[in-house]
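In case you want the letters, here they are:
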Amino acid sequence: MHRLITVELSGEVVELRDIEIFLALAEELHFGRTAERLHISQARVSQAIKKHERRLGVALFDRTTRAVTLTPVGRRLRDDLRQAYDLIQSGLARASAAGQGLRGTLRLGVMGVLGNELRPMIEKFLVDHPDCDVEIVEFHFSDPFALLRAGRADLQLMWLPVRESDITVGPVALTEERVLAVPSHCDLAARESVSLEDLAGRTTPDAGPDAPAYWITAMLPEHTPGGRHISRGPAARTFHEILALVAAGAAVCPLNAHVTRYYTHSDITYVPIGDAPPTEWALVWHTTRDNPSLRAFVETARALGSRPMVRATPTG
């Protein structure tokens, strides 16, 4: 349940929920997705933004039929409010933890080695909550929400976007560039970088029917920016199955830059994708299974902020 908390802004009392709505819209830049993320109506989102703009006497967003963008004032307000919001949430989380005596094991779902990328966050959480423990559990991209929905993970680190009606999206914890994994004998392997257009006419792995299409295509697009087709080929249900397909010359695959540090293979070359958008990894959880330990970890993540971008470097 949302707590009714107010703060003073420009001499007026403002509900913290209205600030949350503004910050969420500033991230999503889409009224419908913001409403889904916060589990409120789209009308409630519009009402909150109009209230802010009326109070401040300036537009915070430019709206057209095609896009929603922040105005310069909106960008500045986003940056200022984000800092204040994170401080408020951190204070509430610490007070809640102190009052409830947090203890027990928090199960954090990650893909592959990404738990290591969250090590500073995990260590800070454990220092602040010495009676808690964090257990890393692995999930696979081919069925990404199974652990959360079965109650076998409390939190997961997932690339965005996540648009599931029963899943809450929290703070971004890690940002990184993307690389294309190609067979070392492939014509692309000698390049310093490639573009998404270079995927035209090539084959990427098929992740199977259990992963939402929008989520998979965010990483494995079906068309290039120019509209040319990218084929889906052999099935792969785990990351190591992807590596096996690439090494065998059966596919190429866009991946995230951290793989260049953790996974080397004599038959695979990682080439930076120059025009791919950065991947944002956020903490997400099942909306009905919110708990104090989960909230405390999320607020630790907010306080630390997103880790610096992992840069893509060619390997081979």
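Whatever comes next refers back to the structure up there.
Predicted model only: the values in this text are computed from it and were never measured.

## Focus on the overall build of the protein chain
Counting its secondary structure elements, the protein chain contains eleven helices and 15 strands. The C-alpha atoms of the protein chain give 21 Å as radius of gyration, which agrees with the globular expectation for 316 residues (20 Å, within 12%). In terms of its C-alpha atoms, the protein chain occupies a principal-axis envelope of roughly 65 × 50 × 30 Å. When the 316 residues of the protein chain are sorted by exposure, 48% land in the buried category.

## Quick word on the sheet that holds strand S12 (residues 253-256)
Read from one edge to the other, the open sheet built from three strands follows the order S12-S9-S13, with strand pairing classed as antiparallel. Across the chains shown, the open sheet's two edge strands, defined by having one partner strand only, are S12 and strand S13 (268-272). Strand-to-strand, the axes of this sheet are offset by a mean angle of 40°, without reference to chain direction. Here four bridges tie strand S9 (residues 178-183) to S12, and the two strands are oriented antiparallel to one another. Within the sheet, the bridge partner assigned to Ala-181 lies in S12 and is Cys-253. Contacts from helix H9 (residues 239-247) reach S9, S12 and S13 within the one sheet, and its direction differs from that of S13 by about 100°.

## Things to note about the packing of helix H1 (residues 16-28) against helix H2 (residues 31-38)
Here H1 crosses H2 at 130°, and the two axes come no closer than 9 Å. Taken together, the axes of H1 and H2 lie oblique to each other. Crossing of H1 over H2 shows right-handed handedness. Here Arg-17, Glu-20, Ile-21, Ala-24, Leu-25, Glu-27 and Glu-28 of H1 come into contact with H2, specifically with Phe-31, Arg-33, Thr-34, Arg-37 and Leu-38. Split into classes, the residues belonging to the contact of H1 with H2 amount to five nonpolar, one polar and six charged.

## Focus on the packing of H1 against helix H3 (residues 42-56)
For the pair H1 and H3, the least separation of the axes is 9 Å and the interaxial angle reads 100°. Viewed along their axes, H1 and H3 adopt a mutual orientation that is roughly perpendicular. In contact with Arg-17, Asp-18, Ile-19, Ile-21, Phe-22 and Leu-25 of H1, H3 contributes Arg-44, Val-45, Ala-48, Ile-49, Lys-51 and His-52. For the contact of H1 with H3, the class distribution of residues is seven nonpolar, one polar and four charged.

## Topic: the side chain of Asp-154
Positionally, Asp-154 belongs in the loop between helix H7 (146-150) and strand S7 (155-159). A relative accessible area of 14% places Asp-154 in the buried class. Sequence-distant contacts of Asp-154, that is, excluding residues within four places in its chain, are made with Thr-105, Leu-106, Arg-107, Leu-148, Val-284, Trp-285, Asn-291 and Leu-294.

## Quick word on unusual backbone geometry
With omega at 10°, the peptide bond leading from Leu-160 into Pro-161 counts as cis. Residue position: Pro-161 is located in the loop between S7 and strand S8 (167-176). For Leu-29, which is not glycine, the phi torsion reads 55° and is therefore positive. Along the chain, Leu-29 turns up in the loop between H1 and H2. The backbone phi angle of His-39 is positive, close to 60°, even though this residue is not glycine. Take His-39: it is sitting in the loop between H2 and H3.

## Notes on the pairing of S9
A large share of S9 lies buried, amounting to six of its six residues. Where burial is concerned, the two faces of S9 agree: the one with Arg-178, Leu-180 and Val-182 and the one with Val-179, Ala-181 and Pro-183 are both buried. The pairing of S9 with S13 spans five bridges and is classified as antiparallel. By the bridge assignment for S13, Pro-183 is matched with Ile-268.

## Let's talk about the packing of aromatic side chains
Applying the stated criterion across every chain, the model contains six aromatic pairs. With centroids separated by 6.4 Å and ring planes inclined at 55°, the aromatic side chains of Phe-145 and Trp-215 adopt a geometry described as tilted. Placement of Phe-145 in the loop between strand S6 (132-138) and H7 and of Trp-215 in helix H8 (residues 213-217) is noted, with a sequence separation of 70 residues between them. In terms of burial, Phe-145 and Trp-215 fall into one category: buried. Both rings, one in Trp-159 and one in Trp-281, keep their centres 5.8 Å apart while their planes meet at 75°; by these two values the pair is edge-to-face. Of this pair, Trp-159 sits in strand S7 while Trp-281 sits in strand S14 (residues 279-286), placing them 122 residues apart in sequence. For Trp-281, a relative accessible area of 2% gives the class buried.

## Section: the side chain of Asp-18
Counting through the fold element by element, Asp-18 comes out in helix H1. Not counting residues within four places of it along the chain, the set of residues in contact with Asp-18 comprises Arg-44, Ala-48, Lys-51 and His-52.

Conventions we followed
- Once a new chain begins, its residue numbering starts again from 1 and follows that chain's sequence as written.
- Thresholds applied to this predicted model are a pLDDT of at least 70 for local features of residues and 80 or more for the giving and counting of side-chain atom pairs; totals over whole chains, interfaces and linings are not thresholded and use all residues.
- In computing side-chain values, all of the structure's heavy atoms are included and hydrogens and water are not.
- A helix here means a DSSP run of H or I that spans at least four residues, while a strand means a run of E at least two residues long, and both kinds are numbered starting from the N terminus.
- With C-alpha atoms as the basis for the radius of gyration, the globule rule is written as 2.2 Å multiplied by the number of residues raised to the power 0.38.
- Three labels apply to residues, based on accessible area from a 1.4 Å probe with only protein chains included: buried if under 20% of the type maximum, exposed if over 50%, partly exposed otherwise in between.
- Strands are treated as partners if at least two bridges between them are detected by DSSP.
- Helix axes use the C-alpha atoms of the stretch in contact, all axes being lines fitted to C-alpha atoms, and the angles between their N-to-C directions lie in the range 0 to 180 degrees.
- Contacts are assigned to residue pairs with any non-hydrogen atoms lying within 4.5 Å of each other.
- The scheme is simple: roughly parallel for angles under 35 degrees, roughly antiparallel for over 145, roughly perpendicular for 65 to 115, oblique for anything else.
- By definition, any crossing whose near helix is turned counterclockwise from its far helix by less than a right angle is left-handed, and any crossing with a clockwise turn is right-handed.
- Polarity classes work like this: nonpolar for Ala, Val, Leu, Ile, Met, Phe, Trp, Tyr, Cys and Pro, charged for Asp, Glu, Lys and Arg, and polar for all others, with Gly in that last group.
- Two aromatic rings from Phe, Tyr or Trp, using only the six-membered ring of Trp, form a pair when their centres are within 6.5 Å; if the ring planes differ by under 30 degrees the pair is stacked, by over 60 it is edge-to-face, and anything between is tilted.

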